[in-house]
Every structure is written in C-alpha cells, then in structure tokens.
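Structure at a glance
Chain residues, written in single-letter form:
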Amino acid sequence: MAHYDFKQIEAKWQKVWADQNCFRTEEASGGKKYYVLEMFPYPSGRIHMGHVRNYSIGDVVARYKRMRGFSVFHPMGWDAFGLPAENAAIKHGTHPAKWTYENIAHMRAQLKSLGYSYDWEREIATCHPGYYRFEQEFFLRFLEKGLVYRKKAPVNWCPDCHTVLANEQVEEGLCWRCDAVVQQKELSQWFLRITDYAEELLADLDKLAGGWPERVLTMQRNWIGKSVGAEITFSIKEMDETVTVFTTRPDTLFGATFMSLAPEHPLVEKLIAGTGQEGTVREFVERVSRMDRIVRTAEDLEKEGVFTGRYCLHPFTGREMPIYVANFVLMGYGTGAVMAVPAHDERDGEFAAKYNLPVRTVIVPGDGQTVEGVFTRPGVMTDSGKFDGMDSEAAKKAIVDELAARGVGKPTVNYRLRDWNISRQRYWGAPIPVVYCDQCGIVPVSREDLPVELPLDVQVNPDGRSPLPDCAAFVDTVCPACGKPARRETDTMDTFVESSWYFARYTAARNEDAPFSPETGGWLPVDQYIGGIEHAILHLLYSRFFTKALRDEGYLNHDEPFQNLLTQGMVLLHGSKMSKSKGNVVDPDEMIARFGADTVRLFCLFAAPPEKDLEWNDKGIEGASRFLNRLWRLVDELEGVLSPVSPCVAAPGALSAAEAELRRREHDAVRRAERDIENKFQFNTAIAAMMELVNALYTLKDELRTSPYGPLLLSSAVSSLLAILSPIAPHICEELWARLGHAGGLTGQLWPVYDPEALKTAEVTIAIQVNGKLRGQISVAAGAGEEEVRSLALKDPNVTRHIEGKNIVKVIVIPEKLVNVVVR
C-alpha cells in the first residue's frame, strides 16, 4: 500500500482490537495495577474537541502503562441523568430516556472511531436502574446513620430550570447551567451532611500534595474554609433570648458596639415584635432576600441595614448594643450574627460611619504609632479591662477562657462548607427512596424493593416542571411500616450524586448483587484521573466525601478516590473557548474524516502541554498529517531493507560513524519519550523526540542501506519509533509494525529498553567563550579529560587572537559542553 489510506487502516485495526478484545481488563498481577480514568461525559449527542483532547491524553497513558508491564484498567461510561439531557430532550420534543440512549449510541461510535483502548465490557450509564439502585441503597444507609436528613431551609432556586441548586452550583448569582438569576426560596429539602467530614476533607488534602495540582488543592481548602475562633453568646435586653456569634477575633470583643444579623436569621421576627419597627424591617428583609448571595458578600457592596428596635448586652461590661439587620451578613456563614467592631473591621467601619454608630478602639500598634482609620493588624490591648497591655494574639485565648468560665463562650472551629442539598425538583434523576405516611411520617423504602424505578411512561412538561407529582402510578404507594396508603417522594437526586461514586462502580459494572466486588476492589483507588479544572469544587469534593462516607459504611477500604489528578487545558479557537453560540466549533467527525483519527490525536497531544490551553489551528493539524505521511513514506521507501527486528537491538559489532549515530538517535528518542511521558505527561516534547528520529532516519537511510549493519540498525530504529509512537498514533503504527513482519501486534509489545552506552557519542562539540562571549568551538573525543579540553581550547586560533597580550585569570571547563576563558 504505497498510499497512506488512513480510513482503511483505522477501520481495520479498530475491528481487530474489538474482535480480539484486546483491551479487556485482566486482573492485576503482582500488585502492578494501574487504573487510569478520564471524567465521563454527559451524553449530549456529540463529542467535542475538549473531549478528544481529554480522552486522547488518557488513552496514551493507558497504552503506555500497558507497555510498561502494568495491568491497566481503562473504562468508559455516561453521566446520563440531570438537567442537560432533560432540557435538550424537551427542546427536541422527545423523551429524556430516548434522547439519552440515542446519544450514548452515537457518542460511543465516535469514541470508538478514535481508537481509544477502553474496556467496553465495563461500560455504565447512570440513568440505568442497575446503577442507581445502589445509589438508593447508599441513601438508605446514610439515612440510618444520620448522614442524610430533611429540613426546611432557604435554598437557591432557579426559576428557569424549576429546581433547587446547591451553593456550589450558583456562579456569581446565576444558575451554573442556564445563567438565570438565582432566587432565594424556603423549601423542605434532603441534605447530605458533608460538614461531618469537613475536617478530614481538609486535612487529607495534604496527602494529595504532589499528585494533585496545587491550584485545585487551594480551591478546595478555600471552599471548605476553616476558621478558628470562638462562639460568644449575647443576651437580649428585656427578652428571654440570646444571640450567638462566631468570631475569629475575640481579642476585639471590648470594641464591639452593635450587632448585625442576617435578614434570614430566625430571631428577626421575634426581635421586631412590638417594637414599631416591624414594617421597616420586613420591607428590608424582603428586598435583601431578592439580592444575589455573591453580591451581598462583595467588598464593593454598599452596606445597608435597619435597626430592629432591640439591644443585646455585652457579655463582659453589660453595655447595651443596638441590633441591626444588615445586607452583608449571610445566614450561611458562621451563625448568621456578627458582633460589629467598627474600629477593627472594614465592613463594620463602613456601616458605623453610615449610621453614626459608636467606634471603640481596643487594639493599638505595639510600636506606639498612631492609627488613622480601621486598624486590623495584631497589636497591644487597650480599653479592654484586665486584658489591657496584653499582646492581642495572646489575649485571644485569655478572653475565650474567661468567656468559657462565665458560660457565655467557647473556642470553636467554623467552616465555610455547608451541607449538600441533593433534592432536585426535576424528572430526569434517580428517585429518592422514601415515602410519606400520614401515620408513620417519613419512611424509607425497604431494601428488598429497590430500585425505586423512575417511570418512563410520563410526558415531560415543556416548561421543565417535573411530571412526577402528577403521576399517580408513581406517587401512590403503601407505607412499608404500616401498610396504609402513602405517597412517594417526587424529588430526584442531584446528578452529582451519581458522579460521586461511578469510578468505583466500574470495577463491578455487571455485578447485580452488590455495588462493588471484593475480587475487583484491588483496582481502587484510581491511579490517574484526568479532567477539567472546572470540576475542582463540585465533582472532586463530592467524590472525596462519598469515598470517605462509603468507607465508613464498609463498602470501600481507602480514604481518597484519586491518587493523581491532571487538569487539562481547554481547546480554543481564535483565543476563545469553542461554543456554538460563538460559531467557533471544530467538529471532531469532520477532522477525522479529513485527516484520520491518528492525526487528530497527534495534533491534540503535540500542540501544547496537557495542562495548558490548546489553540486550534489548521496549519497545526496539517503539520501532524504531514508527519504521519512522512513516516509512511519512510517505511515504504525502505521496503526490502527493513525486517522484523526488535526495538533497541544490541550492537552487533564495531559500528561505522553513521551506524553509531543512528543507534544513538534511536536510543535517545526512546529515553526522551519515556522521560517526558513519565514526567507529568509532556507528550509534546516526547513527540518532538520522535520527529527528530524520523529526520535522522531520512538523513542516514541511503548511507546505511548498504553498510554492514545498516539494515539491521534501520530496522531496529523503525521498530523503536513505531513502538514509542503507538500510544499516540496507534493505527498507523500497528499497520507499519505488521508490514515489517512482526508476529504479534503492538498492543502486546513492551516499551523498548534503551542502552545508556548507546547514547555516548564518538565526538562532542564544545563551545569556547572568552569572558563570557562565544569565540569558537572545538570537537573532542567523548569523555575527554579536562586538561586535554583546556589545552585544545587555548590553542584554537580564534581564541588565541582574543586572549593575546592578556592575563588568563582562570579557565572554566564544563565537561562536554563549554569552556570559558576569563582574562584581564
């Protein structure tokens, strides 16, 4: 086949791999297992170039690790529930199930057309009852333990999607899916008590250092948001009520002059009753409740508030402090109440200035300097009773100890993290397995009755409202406890629940009796996880929580789901993320049809390091195509010269200069490719080494055709090249490997072993500098001694001209690289 017919070649080898089940998972042998996983896709209908890049990275890792002797587990599945599929189905006037499964079939075919080495026997779809039945089982176990609970609470409501959103799903006040302005609404919802694991989630981030990007670790630390401080209780004047605040600055307690409450604080209505402030406060609360939560915490927010008509009492001095409702205080942070210290907090200072409230300075600089404005640094205590003169840092503990002794305070650790709201008022999701009985209340479904299947014979509503509450066949049931009529829960679970444990289900994808199998659990945890940085909080944090919770329930025996994480960059066109709305989408199917899967894979891996954004350009993919065609022609031109020689064949005897040079280039390419793939998956530089080997083969092939060992060394170099390129461009490499006459396929070939001795050159070129400026170069035998190199350098005519008549201060010799003559 003189012409590189990629369509025929790729179809051929994809069929061979499928027929021979080449990528079926074998059990890990001798503990040398490797579980590589890319984040699974939503079945949106078509893969995009971001998918191609992500999955190409994962496939290279999987194929490379197989060649390094690992038993590799590389599965694929579908994140098939949730709003994207449901909204798309509504838009296209079809049922979400039909839409989803048709899309899965199309996207599966697309992935197979790229030659990815997935074990398709492990394929899962989260919308299948065989998957979510175990998710319902986890829910019931968590419910028994108290890790799942239901409560009425202010929630984030998307009016366009007609569902509640978790805090993490609100981005700058907008729905993360449709960009609608999120509203605050009070509903009874189901929550997962992720805060029970806040300290472990935070502490275990240290275990992931080195394996996870520091940026992701920092984002998770900030989201968990640990604060060490104190809870302080203030009594309310003329009421049998108290208000508790959390503060990280108990040293400023004597500077507190008023109290700020969140508008959502449950005490607000009690406080305003009978004060004459009812109307004013309620109007303010209603107005603030419509504000975006992010806006309310922004530094440039105009601070506003209203007086409740009530006062609290300072726990040490008994001083009366007015209680305000303020727009910058949120119920979701701390206790929803803040002791305001305007002399030592910027926000409190702004508020006090606006409403003419008193300011008391209780910490001053230790160096005696005067302070203008708000002083927020540590210093020396003043106007703070018996704590005067103390270092403010030391005073924190002393003040908290005194509060604790009086029964009005205690040291406390607070977290920004809030429990995970998993209730969704949408149809396309896993049913929550509880019923409501007028006699028994909330009753869990019996495990024997799982799964509670989502009915597929319903008509979805055009506006997105769930049809489940109107589906009598689903809602009407009997109570598992008393047998009387009951109603099923019609909320479904947040789709992030499904993606929080799918990576473990792959190990037992066909086990109908248990979510995980003891005999396959040895694959866990995932050795290398690959996906976008946008999942740093949502998916990755939830997955870590689920792993720990399932561990505590006896399902798993490890602490973290992913030992190593690679967050690949985006694929851009003209500097922007590809999107249909911008009209800058590159269709993978079109690229595969024009250039072939190997070319698309090669370009995605060569154009940029995996963690950086990749700028798509036609010249780049055309260049990748030229390289593969050049490789094809090389083997074609050497027909009759090449034979099925093993990669990195041993030197057969004394080699000519050209033979030694090709052998050195071959072994160096293997060395560099191995180093760069092992070292943070720098595929672009590994590919560069392979391209240089192709160049060397073209330069030396004619001379080596007829030399004594030339054909052998040409055959070895081409075999090595095909082996190390095969994880990146597997189809063409398999075809050329077979064309050389090798008996077995490359899928069973081990990575070549380079010989360090082969890397040594007969001669090396050394640059010569005089006072740091390049003045010449010399060729010396590899390994030449320092004195020999020094002597030759000083005899170089161009060097002698520049040092004539000057004193040589010293001669610096860097072996096999550089000589620098320092003269005066």
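Here the structure is a predicted model, which is why all the values come from computation and not from measurement.

Criteria and thresholds
- Residues numbered from 1 in each chain as written.
- Predicted model: local features only at pLDDT ≥ 70, side-chain atom pairs only at ≥ 80, totals over all residues.
- Heavy atoms only, no water.
- Helix = DSSP H or I, 4+ residues; strand = E, 2+ residues; numbered from the N terminus.
- Buried < 20%, exposed > 50% of the residue type's maximum accessible area, 1.4 Å probe, protein only.
- Areas by Shrake-Rupley, 256 points an atom, 1.4 Å probe, with all protein chains shown as cover.
- Lys, Arg positive; Asp, Glu negative; His and termini not counted.
- Charge placed at Lys NZ, Arg CZ, Asp CG, Glu CD.
- Pairing = 2+ DSSP bridges.
- Arc of directions from axis to C-beta.
- Contact = heavy atoms within 4.5 Å.
- Polar contact = N/O pair within 3.5 Å; in protein donor to acceptor, adjacent residues only side chain to side chain.
- 1 Å grid on protein atoms, 1.4 Å probe; cavity = no way out; pocket = protein on both sides within 12 Å on 5 of 7 lines; lining within 4 Å.
- Points joined across faces, edges and corners; volume = space filled by probe spheres on them.
- Nonpolar A, V, L, I, M, F, W, Y, C, P; charged D, E, K, R; others polar.
- Domains from an automatic or database assignment.
- Phe/Tyr/Trp six-rings, centres within 6.5 Å; stacked < 30°, edge-to-face > 60°.
- Lys NZ or Arg CZ within 6 Å of the ring centre and 35° of its normal.

Attention shifts here to the overall build of the protein. The secondary structure content of the protein amounts to 26 helices and 34 strands. Taken over 824 residues, the protein has a buried fraction of 54%. Approximately 35000 Å² of the protein is accessible, and the part contributed by carbon and sulfur atoms is 49%. Across the protein, 94 positive and 111 negative side-chain charges occur, with their mean positions spaced 3 Å apart.

Glancing now at the pairing of strand S9 (residues 183–192). Summarising the sheet, strand S5 (residues 148–158) and S9 pair through 10 bridges and their orientation is antiparallel. Bridging from a neighbouring strand, Ala153 pairs with Leu187 of S9.

Quick look at helix H12 (residues 346–355) now. All of the buried residues along H12 are Asp348, Gly349, Phe351 and Ala352. Mapping the buried residues of H12 onto a view down its axis gives an arc of 165°, with all of them on the same face. Buried residues along H12 sit against strand S12 (258–261), strand S13 (305–313), strand S14 (320–326) and strand S15 (337–340). The N-cap residue of H12 is Asp345: its side-chain oxygen and the backbone nitrogen of Arg347 are 3.1 Å apart. In the segment just after H12, Asn356 is the residue with positive phi, at about 55°.

Moving on, we get to the environment of Asn629. Secondary-structure assignment places Asn629 in helix H20 (residues 618–637). In this structure the C-alpha to C-alpha distance between Asn629 and His3, which are 626 residues apart in sequence, comes to 8.6 Å.

Our next topic: the layout of surface pockets. The volume enclosed by the second largest pocket comes to roughly 840 Å³. Along its surface, the second largest pocket is lined by 30 residues, and Phe246, Thr248, Val338, Asp345 and Arg347 are the ones closest to its centre. Looking at side-chain class alone, the lining of the second largest pocket contains 10 nonpolar, 13 polar and seven charged residues.

Moving on to empty space enclosed by the protein. Inspection of every chain in the model, using the stated rule, returns three cavities of 30 Å³ or more. Considering only enclosed or pocket space, the largest cavity measures out at about 140 Å³ in volume. In this structure, the largest cavity is lined by 18 residues; those nearest its centre are Gly82, Leu83, Arg424, Asp494 and Thr495. Counting residues per element, the ones that place at least two in the lining of the largest cavity are helix H3 (83–91), strand S6 (163–165), strand S25 (492–493) and helix H15 (495–498). When the residues that make up the lining of the largest cavity are grouped by side-chain class, the tally is seven nonpolar, six polar and five charged. When residues of the lining of the largest cavity are sorted by domain, at least three fall in each of domain 1 (6–128 + 500–582) and domain 2 (132–193 + 420–493). Here the second largest cavity is characterised by a volume of approximately 80 Å³. In terms of lining, the second largest cavity is formed by Phe23, Arg63, Arg66, Met67, Ser726, Pro727, Pro730, Glu734, Leu746 and Thr747. Top contributing element to the lining of the second largest cavity by residue count: helix H2 (residues 49–67), with three residues. Here the lining of the second largest cavity spans two domains, since at least three of its residues come from each of domain 1 (6–128 + 500–582) and domain 4 (617–759).

We now examine the domain arrangement of the protein. If you check the domain split of the protein, you get domain 1 (6–128 + 500–582), domain 2 (132–193 + 420–493), domain 3 (228–414), domain 4 (617–759) and domain 5 (763–823). Look at where the C-alpha atoms of domain 3 and domain 5 centre, and you get two points 73 Å apart.

All right, on to unusual backbone geometry then. A cis amide bond links Leu450 with the next residue in sequence, Pro451, at an omega value of 0°. Between Leu524 and Pro525 the backbone carries a cis peptide bond, its omega angle lying at 0°. On the secondary structure map, Pro525 appears in the loop between helix H16 (502–505) and strand S26 (528–532). Unlike most non-glycine residues, His162 shows phi in positive territory, near 55°. Here His162 lies in the loop between S5 and S6. The residue His574 is not glycine, and still its phi comes out positive at about 60°. Given the relative accessible area of 67%, His574 is considered exposed.

Bringing the packing of aromatic side chains into the picture now. Under the counting rule described, the total for this entry stands at 46 aromatic pairs. Here Phe138 and Trp501 contribute two aromatic rings whose centre-to-centre distance is 4.9 Å and whose plane-to-plane angle is 85°, an arrangement assigned as edge-to-face. Within this pair, whereas Phe138 is found in helix H5 (residues 129–145), its partner Trp501 is found in the loop between H15 and H16, the two being separated by 363 residues in sequence. The same class applies to Phe138 and to Trp501, which are both buried. Relative to Tyr324, the ring of Phe307 has its centre 5.6 Å away and its plane inclined at 40°; by these criteria the two rings are tilted. Of this pair, Phe307 sits in strand S13 while Tyr324 sits in strand S14, and the two are 17 residues apart along the sequence. With relative accessibility at 10%, the residue Tyr324 sits in the buried group. Ring-pair connections join several aromatic residues into one group, and the members of that group are Phe142, Tyr197, Trp420, Phe496, Tyr542, Phe545 and Phe546. A cation over a ring is seen here: Arg488 above Phe474, with NZ or CZ 5.9 Å from the ring centre.

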